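Breakdown of the fold
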Amino acid sequence: MSELGAGAELPGWGADSRRRSGKDGRDSRQADIKYPSGWNEWKRASSKSWKKSLKGIKGLSSYLKLWRHDIHSIEGKFGTGIKAYFSFLRFLVQLNFLLFILMFSFVTLPTVISNYGIFNSSSAEIFPDDTEPYCTVYTPTGNKGLVYFYTYLKDLLTGTGFLEVTVLFYGYYTVDAAWLSVLRYNIPLAYLLVTFAYLGLSLLWIIKRSVEGFKQNLVHAEDQFQSYCNKVFAGWDFCITDLNAARLKHHSLLYELQADLEEERLKQKIADRTMKEKLRIYTLRIFLNIIVIAVLLGCFYSIYRATVFSQENSSDVNSVNFQANLLVQYLPSIVITLVNFIAPQIFSFLIRFEDYSPAYEIRLTLMRCVFVRLANIGVLLFSLWSQIHCATDRCKACGYNYELYPCWESAVGQEMYKLLIFDFMIIIAMTLFLDFPRKLLVTYCSWKPVQWCGLQEFGISDNVLEIIYGQTICWIGTFFSPLLPAIATIKYFVIFYIKKVSLIHTRKPASRPIRASSSNFFFLVVLLIGLILALVPLGVSIAHIPSSKACGPFRSFDTSWAIVPHTVLGFPTGLRKVIYGIASEAFAVPFFIVVCLIMFYLIALAGAHKRVVEQLREQLVMSFGQNVIRTETT
């Protein structure tokens with residue numbers, strides 16, 4: 001007690017001791033601090049300045065992004081679903097421009113420079129012991145003498161005549177090697193490697209964007225209450241100071257909430273269905289799917305009959321006049337274009353009665369239309385290859401039908417070129433001759449049937465499928481027509497403005513709003529399907545069908561793939577053994593097993609992370625509930 005009393009008589013003792021102990025603690029901590037050296041200071045300052053520079057470059061690049069303001073305006077006026085379509089169109093413009101840069105830099109430019117004598121070059125040699133002389137005869141149908149203007153127009157639309165002998169098609173690239181001093185540039189090898197490069201680059205870029213869309217899809221797949229909270233309380237950008245930008249952001253959030261509420265309404269409607277309603281809707285869906293299958297079979301059969309009729313009658317030029325023969329020659333392209341226009345309209349009409357959600361409607365309609373459009377390309381290519389293949393003894397010496405197709409690669413390139421051009425012309429014609437007249441009728445004609453029809457909705461599914469169909473043609477045709485990506489870039493660049501004008505002035509947005517995240521991800525999945533299907537005809541053409549002996553960079557080889565083993569044989573012995581070892585089964589089987597193990601490990605790791613996230617979410621809910629209980633008890 002005395003000690004306590006003594007302590008109590010010294011009121012400053014406790015404060016002085018705390019001050020002394022605090023001072024001693026600070027002195028000990030300061031003694032433990034190791035001041036950074038000049039090298040560490042320089043590294044920290046460099047890292048900060050580098051991050052700041054990257055942030056500034058990223059911000060500047062966002063302002064320089066193609067159509068940034070246009071797409072932002074479309075998002076505010078028409079919602080994120082339509083904005084996803086225009087962003088997808090911008091992605092294809094960038095992709096095709098990059099593919100054009102690849103083909104032009106490594107294939108077209110060296111060939112043109114060599115042909116003009118700037119570099120020393122050598123043409124592909126024909127081996128007379130392996131090839132019959134008549135297989136090497138190729139006389140392109142170039143225009144000679146006095147030519148009418150409509151002939152040039154026809155050549156421009158079909159890729160024949162003067163275009164056949166230009167850099168646009170495979171037959172122009174006859175240079176075997178370009179020499180710069182002692183360096184030899186192998187153009188056939190570059191041609192094949194650039195083909196693999198543009199396919200691989202397209203695959204990686206699509207997968208990268210698909211992963212980003214998949215992350216957004218996972219976020220939107222969470223609890224809808226969390227999604228609403230994010231939009232209501234954290235969706236607004238408080239950095240916006242411009243009135244127009246604020247109005248656009250307001251409309252964008254409004255459309256997203258409408259899409260969420262529409263999906264919730266349909267989910268509630270589905271949950272409240274009785275057994276009788278379920279039986280009725282499933283019966284109706286089965287009946288409508290039977291109609292869809294019948295439409296698909298009718299489309300395939302019409303293309304088959306048109307192709308057979310064209311093949312049997314287009315060669316007989318003297319029996320009919322020039323215009324009729326031209327119509328017969330391009331009958332498959334005309335029928336394909338009609339099928340591509342009519343079938344999506346039928347599918348879009350039928351899908352309204354199947355009572356699906358807006359996002360699922362787009363997916364199902366896209367998948368149905370994908371079967372039509374990609375099967376059309378498959379039927380056309382199959383018919384061409386059936387003509388290229390020849391069973392007679394005279395044709396077997398060349399490996400293909402040299403009489404009908406002396407340079408069959410250019411012929412396939414011309415067909416792809418025609419499909420791309422015709423598709424572009426149809427899109428322009430639809431806008432000029434259907435959308436604008438319909439807009440004028442609805443605006444100025446008070447007749448009830450016209451007003452009942454109204455403006456046509458901006459259908460996202462058929463518009464996306466148009467550009468996916470054109471991109472699949474571009475991937476297939478680039479090997480046979482190296483500058484096709486340049487045409488596709490110009491095409492999609494013009495289509496952006498055509499669709500923008502059509503959306504603003506001649507069409508109306510969909511009555512049922514959709515969410516952009518799931519739609520954008522599905523667009524890329526369908527595009528990936530188109531790329532995978534494009535690999536099949538390219539793989540058959542490169543590895544199986546004999547290359548033309550009268551044109552192209554591979555006329556010295558049996559197939560286009562033969563350039564690879566021919567090049568490997570020129571490598572040093574050690575490097576050649578390493579390449580053969582990598583290509584052998586002894587390496588491929590263990591490599592496949594290791595890849596599978598890594599994949600299974602990543603899948604298990606992702607599942608573990610997902611379970612941890614779910615446990616943390618449950619703990620947060622429990623802690624929140626406990627805090628509420630404590631608050632109520634106090």
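Keep in mind the model is a prediction, meaning the values are calculated, not measured.

The subject of this paragraph is the overall build of the chain. Summing up its helical and strand segments, the chain has 22 helices and five strands in all. Burial analysis of the chain (634 residues in total) assigns 40% to the buried set. Looking at the chain alone, contacts between residues at least 24 apart form 77% of all its contacts between residues at least 6 apart.

This next bit is on a nonpolar patch on the surface. A grouping of Leu 327, Ile 334, Leu 338, Phe 341, Ile 342, Ile 346 and Leu 434 is seen on the molecular surface, where their side chains present a nonpolar patch of about 560 Å² in accessible area. On the secondary structure map, Leu 338 appears in helix α12 (residues 331–351). Here Leu 338 falls in the partly exposed class, since its relative accessible area comes to 47%.

This next bit is on the packing of aromatic side chains. Going through the model one piece at a time under the given rule, you end up with 24 aromatic pairs. Taken together, a centroid distance of 6.4 Å and an interplanar angle of 45 degrees make the contact between Phe 97 and Phe 100 tilted. Of the two residues, Phe 97 and Phe 100 are both situated in helix α5 (residues 80–115); the distance of three residues between them amounts to about one turn of the helix. Among the aromatic residues, those joined into a ring-pair cluster are Tyr 170, Tyr 172, Tyr 173, Tyr 191, Trp 408, Phe 479, Phe 480 and Phe 554.

In the numbering used here, UniProt assigns the "transmembrane region" (unreviewed entry) feature to residues 91–113, 189–207, 282–304, 330–353, 416–434, 521–545 and 587–608. The span residues 330–353 shows a helical share of 88% and a strand share of 0%, and its end C-alpha atoms are spaced 37 Å apart. The span residues 416–434 is 100% helix and 0% strand, and its two end C-alpha atoms sit 26 Å from each other.

Position of Asn 376 relative to the elements: it lies in helix α13 (residues 358–388). Polar side-chain contacts of Asn 376 include one of 2.7 Å to the side chain of Asn 340. In contact with Asn 376, not counting residues within four places along its chain, are Ile 303, Ile 336, Val 339 and Asn 340.

In total, this model carries seven salt bridges according to the counting rule given. Between Arg 368 and Glu 354 there is a salt bridge, with the nearest N and O atoms lying 3.0 Å from each other. Here Glu 354 lies in the loop between α12 and α13 and Arg 368 lies in helix α13, a separation of 14 residues in the sequence. Considered together, Arg 368 and Glu 354 belong to a single accessibility category, that of buried residues. Taking the shortest distance from any N to any O, the salt bridge between Arg 507 and Asp 435 comes out at 3.2 Å.

Next up on the list: the packing of helix α15 (residues 408–444) against helix α17 (residues 460–477). Two elements in contact, α15 and α17, have axes whose closest approach is 9 Å; the angle formed by their N-to-C orientations is 160 degrees. Compared by their axis directions, α15 and α17 come out roughly antiparallel. You can see that α15 and α17 cross each other, and the crossing is left-handed. Facing Met 416, Leu 419, Leu 420, Asp 423 and Ile 427 of α15, the residues of α17 in contact are Glu 466, Tyr 469, Gly 470, Ile 473, Ile 476 and Gly 477. Looking at the contact of α15 with α17, its residues break down into seven nonpolar, two polar and two charged.

Time to look at the pairing of strand β2 (residues 175–180). Strand residues, when the strand is regular, have side chains that alternate between the two faces of the sheet. Pairing geometry for β2 and strand β3 (residues 183–186), over four bridges, is antiparallel. For Ala 178, the partnering residue across the bridge sits in β3 and is Tyr 185. Once β2 ends, the chain turns through two residues before running back antiparallel as β3, passing Ser 181 with a positive phi of about 60 degrees.

The next subject is α5. With 36 residues, α5 ought to run about 52 Å at 1.5 Å a step, and its terminal C-alpha atoms sit 50 Å apart, in line with that. A bend of about 45 degrees at Phe 104 is the largest found in α5. One or two positions beyond α5, positive phi appears at Gly 117, with a value near 80 degrees.

In this structure, Tyr 85, Phe 86, Phe 88, Tyr 198, Trp 408 and Trp 475 are the most contacted members of the largest nonpolar core, which totals 110 residues. Ranked by residue count, the leading element in this core is α5, at 14 residues. For Tyr 85, the residues in contact, after removing those within four places along its chain, are Phe 458, Ile 460, Asn 463, Val 464, Ile 467, Ile 495, Lys 499 and Phe 523.

Overall, the coordinates contain one disulfide when judged by the stated rule. Each sulfur in the disulfide pair Cys 407 and Cys 551 lies 1.9 Å from the other. Classification of the bridge connecting Cys 407 and Cys 551 rests on its S-S torsion, roughly 90 degrees, and on that basis the disulfide is right-handed. Here Cys 407 is found in the loop between α14 (393–396) and α15, whereas its partner Cys 551 is found in the loop between α19 (516–543) and α20 (563–568), with 144 residues between them in sequence.

Before going further, it helps to spend a moment on α12. Over its 21 residues, α12 runs 30 Å from end to end, which matches the ideal 30 Å to within 8%, given 1.5 Å per residue. Here α12 has its buried residues at Pro 332, Ser 333, Val 335, Ile 336, Thr 337, Val 339, Asn 340, Ala 343, Pro 344, Phe 347, Leu 350 and Ile 351.

Tracing the backbone through its elements, the reader meets Tyr 152 in helix α6 (residues 149–158). Since its relative accessible area comes to 39%, Tyr 152 is described here as partly exposed. Measuring from C-alpha to C-alpha, the distance between Tyr 152 and Phe 162 comes to 7.8 Å, with 10 residues separating the pair along the chain.

With respect to the helices and strands, Val 165 occurs in the loop between α6 and β2. Residue classification places Val 165 among the partly exposed residues on the basis of a relative accessible area of 42%. Separated by 25 residues in the primary sequence, Val 165 and Pro 140 place their C-alpha atoms 6.8 Å from one another. Not counting residues within four places of it along the chain, the set of residues in contact with Val 165 comprises Pro 140 and Tyr 172.

On average, residues of the chain score 77 in pLDDT, and 78% of them reach the 70 mark or higher. When mean pLDDT is compared element by element in the chain, helix α18 (residues 484–506) scores highest at 91, while helix α1 (residues 2–9) scores lowest at 41. Across residues 1–15, where pLDDT falls below 50, the model places zero contacts with residues more than four positions away in sequence or in other chains. Low pLDDT (under 50) marks residues 28–35, which in the prediction has zero contacts with non-local residues, meaning those over four places away or in another chain.

To continue, consider unusual backbone geometry. With a phi close to 60 degrees, Trp 67 is a non-glycine residue in the positive phi region. Topologically, Trp 67 is positioned in the loop between α3 (38–64) and α4 (68–78).

All right, on to the side chain of Thr 559 then. Residue position: Thr 559 is located in the loop between α19 and α20. Here Thr 559 falls in the buried class, since its relative accessible area comes to 15%. Beyond its immediate sequence surroundings of up to four residues, Thr 559 is in contact with Ile 542, Ala 543, His 544, Ile 545, Pro 546 and Ser 547.

In contact at an axis separation of 10 Å, α17 and α18 are set at 170 degrees when each is read in the N-to-C sense. Judged by the inter-axis angle, α17 sits roughly antiparallel to α18. Taken together, the residues of α18 that come into contact with α17 (itself represented by Asn 463, Glu 466, Ile 467, Gly 470, Gln 471, Ile 473, Cys 474 and Gly 477) are Leu 484, Pro 485, Ala 488, Lys 491, Tyr 492 and Lys 499. When its residues are assigned to classes, the contact of α17 with α18 shows seven nonpolar, four polar and three charged.

What counts and how
Residues numbered from 1 in each chain as written. Predicted model: local features only at pLDDT ≥ 70, side-chain atom pairs only at ≥ 80, totals over all residues. Heavy atoms only, no water. Helix = DSSP H or I, 4+ residues; strand = E, 2+ residues; numbered from the N terminus. Buried < 20%, exposed > 50% of the residue type's maximum accessible area, 1.4 Å probe, protein only. Contact = heavy atoms within 4.5 Å. Patch = residues over 30% accessible without salt bridge, like charges linked within 9 Å, V, L, I, M, F, W, Y side chains within 5 Å. Areas by Shrake-Rupley, 256 points an atom, 1.4 Å probe, with all protein chains shown as cover. Salt bridge = Lys/Arg side-chain N within 4 Å of Asp/Glu carboxyl O. Phe/Tyr/Trp six-rings, centres within 6.5 Å; stacked < 30°, edge-to-face > 60°. UniProt positions renumbered as here; feature names shortened; annotations may be inferred. Polar contact = N/O pair within 3.5 Å; in protein donor to acceptor, adjacent residues only side chain to side chain. Axes fitted to C-alpha atoms, helices over the stretch in contact; angles between N-to-C directions. Parallel < 35°, antiparallel > 145°, perpendicular 65-115°, else oblique. Left-handed = near helix turned anticlockwise from the far one by under 90°. Nonpolar A, V, L, I, M, F, W, Y, C, P; charged D, E, K, R; others polar. Pairing = 2+ DSSP bridges. Expected span 1.5 Å × (residues − 1). Bend = angle between axes of the 7 residues up to and from the residue. Core = buried A, V, L, I, M, F, W, Y, C linked by side-chain atoms within 4.5 Å. Disulfide = S-S within 2.5 Å. pLDDT = per-residue confidence, 0-100.

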